[in-house]
Amino acid sequence: MDNESFITVEDAMKKGTGKVGIRGWVYRIRNSNKFVFIVLRDGTDIIQCVVKQEKSPKIYDEAVKLSMESSIKLSGEIKKENRAPTGYELDVEELEIVQNAEPFPITKDFSEEFLLDNRHLWIRSRKMNAIFKIRHTVIGAIHDFFRSRSYYEFEAPIFQPNACEGGSTLFEVKYFKDKVYLSQSWQLYAEAAVFSLGNIYNMSPTFRSEKSKTSRHLAEFWMAEMEAAWMHLEDAVQVAKDEVKFIVKKVLENNKKELEILKRDISTLEPAADKDYPTITYTEALRLLKEKKGLKVEWGKDLRTIEEEKLMELFDTPVAVIDYPKEVMAFYKPKRLPKPKTTPGDVALCFDILAPEGYGEIVGGSERETDIKELKKYLKQQGETPEHYDWYLDLRKYGSVPHSGYGLGVERVVRWICGLENIKDAIPFPRTMLRKSP
Ligand code: 4AD
Ligand code: MG
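Remember, predicted model here, so these are calculated numbers, not experimental data.

1. What about the packing of aromatic side chains?
Within this structure, the stated rule accounts for 16 aromatic pairs. Their ring planes at 55 degrees and their centres at 5.7 Å tell us that F145 and F246 sit as a pair that is tilted. With F145 in helix α5 (residues 126–148) and F246 in helix α7 (residues 233–254), this residue pair connects regions lying 101 residues apart in the sequence. The class of F246 is partly exposed, set by a relative accessible area of 26%. Members of the aromatic cluster, joined through ring pairs, are Y189, F331, Y332, Y389, W391 and Y392. Above the face of the Y378 ring, K326 is positioned so that its terminal group lies 3.8 Å from the ring centre.

Okay, structure coming up:
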């Protein structure tokens, strides 16, 4: 069996008849005194392979000794077999054992924590393999979306001297004789770069020392962000809606098989690919919560998880919520002027996109404050030293223009699309307050 003669399990099943050579790992194995049934796994799929004692006694004797996750090469005749897990069966004529594995620690019914401790092995599971393939589509779709609209990809440093989203979740890092922080967002550098490139985007690791143990927070996650010169809030909201819809469409086009493996009900995802997403204000959201859900939220408080969940029971697509109270928002989100008559306090030109089915916030963004006095005032109010932001404040002095942007949480989107219980499964090796290995 030389290297050229191997094809993937997926291609072997596409071929469907004749002799094929495949290689991979023993996913499942079952013996009787006449047969060994090996379910072989490679990156593409699984397939049932049968070794017959009567036909090839020597291969049978080798095969009965195989353990789970052993690496092997096989060849033989492939044919349709409705009783096999993926509809095909390979009648083994040649077998080469590359490595007979030690007893595999993961068999079945292990706790979440055990699987996370053995993440380096658990990523071989069909579940994780399917999630990674969907994640691959999501990431590719984000690049395609922005590039097709002529946005330039632009990189910011990961070591940063400033906070973007407030000091409480910063990771401090020793930096020679000084200290810096790991990036909480690409945004502040993007605001500098729009003066050079116009419309830009990026996808990068992002770090927040989130002390809360929730199913939607990671300490290290990937954020896909955009920033555009001359853009106002309404257009940024529309771009974000278009992006989310584009991603969902791509997954439905490319990953039906993976969604099925994950037992994701596709009919609950389809509205996000087909329908328009509504926009409501924060103040309207509070009214809906009170009138339709009997939940009273005091105006001026940010929406909590439970409130987002209750609100989203009223919708079957993602929803953009705009105009959150200015006081609870980051320093760079400007006031809406004049103040709307219907709101008790000032609101900001900002938005979140909430996913349906209780998956919560997937996008956060805003127009950016252009008034240097306002920026300084809110930096101070949030306990920052405006002088540390001198370079950022410069941007308001040399040809300042209106601009807007947003960030989309890649794992939040993957979690929602895959229907995952916890965000930890949306990233290969999750990092949280309680987990930093493997
Ligand atoms: O709403 P956030 O904090 O917005 C920003 O960071 C802006 N500076 C982005 C911008 O305007 N360029 O974060 C954006 C998104 C959230 O909507 C959420 O999807 C995701 O990033 N996110 C997280 N995902 C996983 N774990 C965490 N700890 C996250 N924090 C935010
Ligand atoms: Mg947010």
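2. Structural notes on the side chain of R368
Its place among the elements puts R368 in the loop between β15 (360–367) and α12 (372–381). Within the local environment of R368, its side chain forms a polar contact with the side chain of E227, the two groups lying 2.8 Å apart. Separated by 3.3 Å, the side chain of R368 and the backbone oxygen of G405 make a polar contact. Each residue touching R368, except ones within four places of it in the same chain, is listed here: Q187, E191, E227, Y332, P334, R396, H403, S404, G405 and Y406.

3. With respect to a nonpolar patch on the surface
A cluster of nonpolar side chains, namely F159, Y175 and F176, defines an oily patch on the protein surface of about 350 Å² accessible area. Residue F176 is classed as exposed on the basis of its relative accessible area of 68%.

4. Examining the pairing of strand β4 (residues 71–80)
It is a general feature of regular strands that their side chains alternate between the two faces of the sheet. Burial of β4 is extensive: seven of the ten residues sit out of reach of the surface. Note that strand β1 (residues 18–31) and β4 share eight bridges and pair antiparallel. In the strand pairing of β4, G24 is matched with I72.

5. Points about the sheet that holds β4
Each strand in a sheet pairs with another by means of backbone hydrogen bonds, the pair being arranged parallel or else antiparallel. With mixed pairing, the five strands of this closed barrel are ordered in space as β1-β2-β3-β5-β4. The average angle at which neighbouring strand axes cross in this sheet is 55 degrees, direction not considered.

6. Digging into α12
Three or four residues apart is the spacing at which side chains of an α-helix point the same way, because the helix has 3.6 residues per turn. Of all the positions in α12, only E374, L375, Y378 and L379 are classed as buried. Seen end-on, α12 carries its buried residues on one side only, within an arc spanning 130 degrees. Facing away from the buried surface of α12 by more than 90 degrees, the exposed residues are K373 and K380. On its buried face, α12 sits against α13 (390–394). Backbone nitrogen of K373 and a side-chain oxygen of the N-cap are separated by 2.8 Å at the start of α12; the cap is D371. Phi turns positive, to about 80 degrees, at G383, one or two residues after α12.

7. Describing the side chain of Q187
Take Q187: it is sitting in helix α6 (residues 187–197). Side chain to side chain, Q187 and Y332 meet in a polar contact 3.3 Å long. Leave out the neighbours within four places in its chain, and Q187 touches C164, E165, E225, E227, Y332 and R368.

8. Re the site of ligand 1
The environment of ligand 1 is made up of 25 residues, and the closest members are E165, Q187, R208, E225 and E361. Within the side chain of E225, one N or O atom sits 2.6 Å away from a nitrogen atom of ligand 1. At 2.6 Å, a side-chain N or O of E361 approaches an oxygen atom of ligand 1. Relative to its unbound accessible area of 620 Å², ligand 1 is 95% covered by the protein chains. At five residues, the largest contribution of residues to the shell around ligand 1 is made by β15. Residue composition of the shell around ligand 1, grouped by class: nine nonpolar, eight polar and eight charged.

9. Describing the nonpolar core
One finds F351, W416 and I417 to be the most contacted residues of the largest nonpolar core, which totals 57 residues. In terms of residue count, the dominant contributor to this core is α7 (ten residues). One finds M13, A63, I78 and Y88 within the second-largest nonpolar core, a separate group that totals 23 residues.

10. Brief notes about the pairing of strand β9 (residues 178–182)
Bridge count for strand β7 (residues 159–160) against β9 is two bridges, and the pairing is antiparallel. Each residue of the ladder has a partner; that of F159, found in β9, is L182. With four bridges connecting them, strand β8 (residues 172–175) and β9 associate as antiparallel partners. Residue pairing across strands places V173 opposite V180, the latter belonging to β9. Here β8 folds back onto β9, and the loop between the two strands holds two residues, one of which, F176, carries a positive phi near 50 degrees.

11. Points about unusual backbone geometry
One can expect most non-glycine residues to show negative phi and most peptide bonds to be in trans. Put simply, L337 and P338 share a cis peptide bond, and its omega is -10 degrees. By the secondary structure assignment, P338 is in the loop between β13 (319–322) and β14 (350–355). The linkage connecting S437 with the following residue, P438, adopts the cis geometry, with an omega of 0 degrees. Position of P438 among the secondary structure elements: in the segment after α14 (410–418). Here the phi dihedral of D323 falls at roughly 60 degrees; this positive angle occurs in a residue that is not glycine. Looking at the secondary structure, you find D323 in the loop between β13 and β14. Judged by its relative accessible area of 7%, D323 falls in the buried class. The residue E357 is not glycine, and still its phi comes out positive at about 60 degrees. Mapping E357 onto the fold places it in the loop between β14 and β15. Using a relative accessible area of 38% as the deciding quantity, one classes E357 as partly exposed.

The rules behind the values
Every residue gets a number counted from 1 within its own chain, in the order that chain's sequence is written. Chains and ligands are labelled by the order in which they are written, letters from A for the one and numbers from 1 for the other. Whole-chain, interface and lining totals are the exception, using all residues; otherwise, since this is a predicted model, local features are given only for residues with pLDDT of at least 70 and side-chain atom pairs are given and counted only at 80 or more. Side-chain descriptors were evaluated using all non-hydrogen atoms of the structure, hydrogens and water having been removed beforehand. Centres within 6.5 Å make a pair out of two Phe, Tyr or Trp rings, where for Trp the six-membered ring is used; the pair is then stacked when the planes are under 30 degrees apart, edge-to-face when over 60, and tilted otherwise. Strands here mean DSSP runs of E at least two residues long; helices mean DSSP runs of H or I at least four residues long; both are numbered from the N terminus. Burial here depends on accessible area, computed with a 1.4 Å probe over protein chains only, as a share of the maximum for the residue type. Under 20% is buried, over 50% is exposed, and the range in between is partly exposed. Think of it as a cone above the ring: NZ of Lys or CZ of Arg counts as a charge over the ring if it is within 6 Å of the ring centre and within 35 degrees of the ring normal. Pairing of N or O atoms within 3.5 Å defines a polar contact, subject to two protein rules: one partner must be a possible hydrogen donor and the other a possible acceptor, and residues neighboring in sequence count only if both atoms are side-chain atoms. Should any heavy atoms of two residues lie within 4.5 Å, those residues are counted as being in contact. Two distance rules govern patches: like charges are joined within 9 Å, and nonpolar side chains (Val, Leu, Ile, Met, Phe, Trp, Tyr) within 5 Å, applied only to residues with over 30% relative accessible area and no salt bridge. Per-residue accessibility takes into account occlusion by the displayed protein chains alone, with areas from the Shrake-Rupley method and a 1.4 Å probe. Within this document, salt bridges are pairs made up of a side-chain nitrogen of Lys or Arg and a carboxyl oxygen of Asp or Glu, the two lying within 4 Å of each other. Strand pairing requires that DSSP identify at least two bridges connecting the strands. Geometry is summarised by axes, namely lines fitted to C-alpha atoms with helices restricted to the contacting stretch, and by angles between N-to-C directions that run from 0 to 180 degrees. This arc is taken over the directions from the axis of the helix to the C-beta atoms. Note on definitions. A residue lies near a molecule or strand when any single heavy atom of the residue is within 4 Å of it. Note on residue classes: Ala, Val, Leu, Ile, Met, Phe, Trp, Tyr, Cys and Pro are nonpolar, Asp, Glu, Lys and Arg are charged, and everything else, Gly too, is polar. Note on terminology: a nonpolar core comprises buried Ala, Val, Leu, Ile, Met, Phe, Trp, Tyr and Cys residues joined through side-chain atoms within 4.5 Å.

Everything listed is a geometric property; what it means functionally is a separate question.
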